[in-house]
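# Coordinates in review
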Amino acid sequence: MPEWLQAGGWGLLAGLALVIGALIGYTVRLPQRVVASVMAFGAGVLMSAVSFELIDEAHERAGLAPTVAGAVTGAVLYTVCNILLARRGARHRKRSGAQQPSEQEQSGSGTAIALGAVLDGVPESVVIGASLLGGGAVSAVTVAAVFISNVPEGLSSAAGMRGAGRSKAYVFGLWSGIAVISGLSSLAGYTLLGGAPAAVLAGIIALAGGAILTMVADTMIPEAFENAHLMTGLITLAGFLLAFGVSKAGG
């Protein structure tokens, strides 16, 4: 199978986890503590993947300066976009409670939430595609981390969308569309970065890492600690160590 097709397929697979999570979140009324715990686990997984797969890889490719520059740029870009979307109703797009506004409460919030979901998913998918560059195998850790974290993201967000009165067509149309965009973003990460110099590629990988870490802090951790209980920190650590273990086993 051509590598460009593999890149798109892996990105699509990771994106489909959002649909799985949305299906659970929309159809099953889970206790808030369960949702918070699942989100904490997913946050731990992504934080580990950013640390040991993205930032570390960028540093190995080109050193500290491009890594720091890329990570800061990714964090700033994500933050600016997130602020603009938050003002239009997408601030609580990953919250499972009553925080999400309905379309009646804030016109245009549905579109803002959809754009926010794209903003959250694209950096992860680009990295999946970029991991195939150089003729190597796809980073199993990155795919696994994105897949595992996407389930609670879709679950929590869909539960909040249901509470805001959004239809099944909107919810599942949104997450199915994001899954397709994830595949296309992964394909783009492979095809557009193929000839990039090491420093540029490292900077883009770090940029994605900075954006993902900022996304975790801005959208996943608030939900994870909304109904904090004494096990929340341990659950986050469990997700972190799982991804770390897979990273070392794969290395």
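Residues numbered from 1 in each chain as written. Predicted model: local features only at pLDDT ≥ 70, side-chain atom pairs only at ≥ 80, totals over all residues. Heavy atoms only, no water.

The protein chain appears in an unreviewed UniProt entry as ZIP family zinc transporter from Nonomuraea montanisoli.

## With respect to the overall build of the protein chain
Each helix and strand counted, the protein chain has eight helices and zero strands in total. Scanning the protein chain from its N terminus toward the C terminus, one meets helices and strands in the order α-α-α-α-α-α-α-α. The C-alpha atoms of the protein chain give a radius of gyration of 17 Å, which matches the 18 Å a tight globule of 251 residues would have. Across its three principal directions, the C-alpha atoms of the protein chain cover 50 × 35 × 35 Å. When each of the 251 residues of the protein chain is scored for burial, the buried share is 48%. Relative to all contacts within the protein chain whose residues are 6 or more apart in sequence, the contacts with residues 24 or more apart total 84%. Accessible area for the protein chain stands at about 10,800 Å²; split by element, carbon and sulfur atoms hold 69% of it. (Helix = DSSP H or I, 4+ residues; strand = E, 2+ residues; numbered from the N terminus. Rg over C-alpha atoms; globule rule 2.2 N^0.38 Å. Buried < 20%, exposed > 50% of the residue type's maximum accessible area, 1.4 Å probe, protein only. Contact = heavy atoms within 4.5 Å. Areas by Shrake-Rupley, 256 points an atom, 1.4 Å probe, with all protein chains shown as cover.)

## Some remarks on a nonpolar patch on the surface
A cluster of nonpolar residues, Leu64, Val68, Val72, Val76, Val80 and Leu84, forms a patch on the protein surface that exposes about 520 Å² of accessible area. Considering the arrangement of structural elements, one finds Val80 in helix H3 (residues 64-90). Take Val80: its relative accessible area is 45%, and that puts it in the partly exposed class. (Patch = residues over 30% accessible without salt bridge, like charges linked within 9 Å, V, L, I, M, F, W, Y side chains within 5 Å. Salt bridge = Lys/Arg side-chain N within 4 Å of Asp/Glu carboxyl O.)

## Considerations on the UniProt feature "transmembrane region" (unreviewed entry) in the protein chain
Mapped onto this structure's residue numbering, the UniProt feature "transmembrane region" (unreviewed entry) falls at residues 6-27, 34-52, 64-85, 169-190, 196-216 and 228-246. Secondary structure over residues 34-52 splits into 100% helix and 0% strand, and the C-alpha atoms at its two ends are 27 Å apart. For residues 64-85, the helix share is 100%, the strand share is 0%, and the end-to-end C-alpha distance is 32 Å. (UniProt positions renumbered as here; feature names shortened; annotations may be inferred.)

## Considerations on the nonpolar core
If you look at the biggest cluster of nonpolar residues, it comprises 43 residues, and the most contacted ones within it are Val171, Leu174, Trp175 and Met220. Of all the secondary-structure elements, those providing two or more residues to this core are helix H1 (3-27), helix H2 (32-62), H3, helix H4 (109-130), helix H5 (140-163), helix H6 (168-192) and helix H7 (198-224). Residues within four places of Trp175 in sequence aside, it is in contact with Leu18, Val19, Ala22, Ala117, Gly154, Ser157, Ala158 and Met161. (Core = buried A, V, L, I, M, F, W, Y, C linked by side-chain atoms within 4.5 Å.)

## A short note on the packing of H5 against H6
Where H5 contacts H6, the axes come no closer than 10 Å and their chain directions differ by 155°. One element, H5, and the other, H6, form an angle in the roughly antiparallel class. Seen along the crossing, H5 lies across H6 with a hand that is right-handed. Along the contact surface, H5 presents Gly154, Ser157, Ala158 and Met161, while H6 presents Tyr170, Val171, Leu174 and Trp175. Residues that form the contact of H5 with H6 fall into these classes: six nonpolar, two polar and no charged. (Axes fitted to C-alpha atoms, helices over the stretch in contact; angles between N-to-C directions. Parallel < 35°, antiparallel > 145°, perpendicular 65-115°, else oblique. Left-handed = near helix turned anticlockwise from the far one by under 90°. Nonpolar A, V, L, I, M, F, W, Y, C, P; charged D, E, K, R; others polar.)

## What about the packing of aromatic side chains?
Centre-to-centre distance and the angle between the planes together describe a pair of aromatic rings. Taken as a whole, this structure holds three aromatic pairs when the rule is applied. Pairing Tyr26 with Phe172 gives two aromatic rings, centres 5.7 Å apart and planes at 65°, and the pair type is edge-to-face. In this pair, Tyr26 is assigned in helix H1 and Phe172 in helix H6, connecting sequence segments 146 residues apart. Taken together, Phe52, Phe240 and Phe244 form an aromatic cluster joined through their ring pairs. Across from the ring centre of Tyr170, 5.4 Å away, lies the NZ or CZ of Arg166, which sits over that ring. (Phe/Tyr/Trp six-rings, centres within 6.5 Å; stacked < 30°, edge-to-face > 60°. Lys NZ or Arg CZ within 6 Å of the ring centre and 35° of its normal.)

## So, H5
When the terminal C-alpha atoms of H5 are compared, their 35 Å separation across 24 residues agrees well with the 34 Å that a helix rising 1.5 Å per residue should span. One or two positions beyond H5, positive phi appears at Gly165, with a value near 85°. (Expected span 1.5 Å × (residues − 1).)

## Thoughts on the environment of Ala114
Within the secondary structure, Ala114 sits in helix H4. Between the alpha carbons of Ala114 and Asp56 there is a distance of 31 Å; along the sequence they are 58 residues apart.

## What about the environment of Asp56?
Assignment of secondary structure puts Asp56 in helix H2. Under the relative-accessibility criterion, Asp56 is labelled partly exposed at 34%. For the pair Asp56 and Ile205, spaced 149 residues apart in sequence, the C-alpha separation works out to 9.7 Å. Not counting the four nearest positions on each side in its chain, Asp56 is found in contact with Val50 and Ser51.

## Observations regarding H7
Here H7 is 27 residues long and its end C-alpha atoms lie 36 Å apart, about the 39 Å a rise of 1.5 Å per residue gives. Taking the largest bend as the criterion, H7 deviates by roughly 35°, centred on Val216. (Bend = angle between axes of the 7 residues up to and from the residue.)

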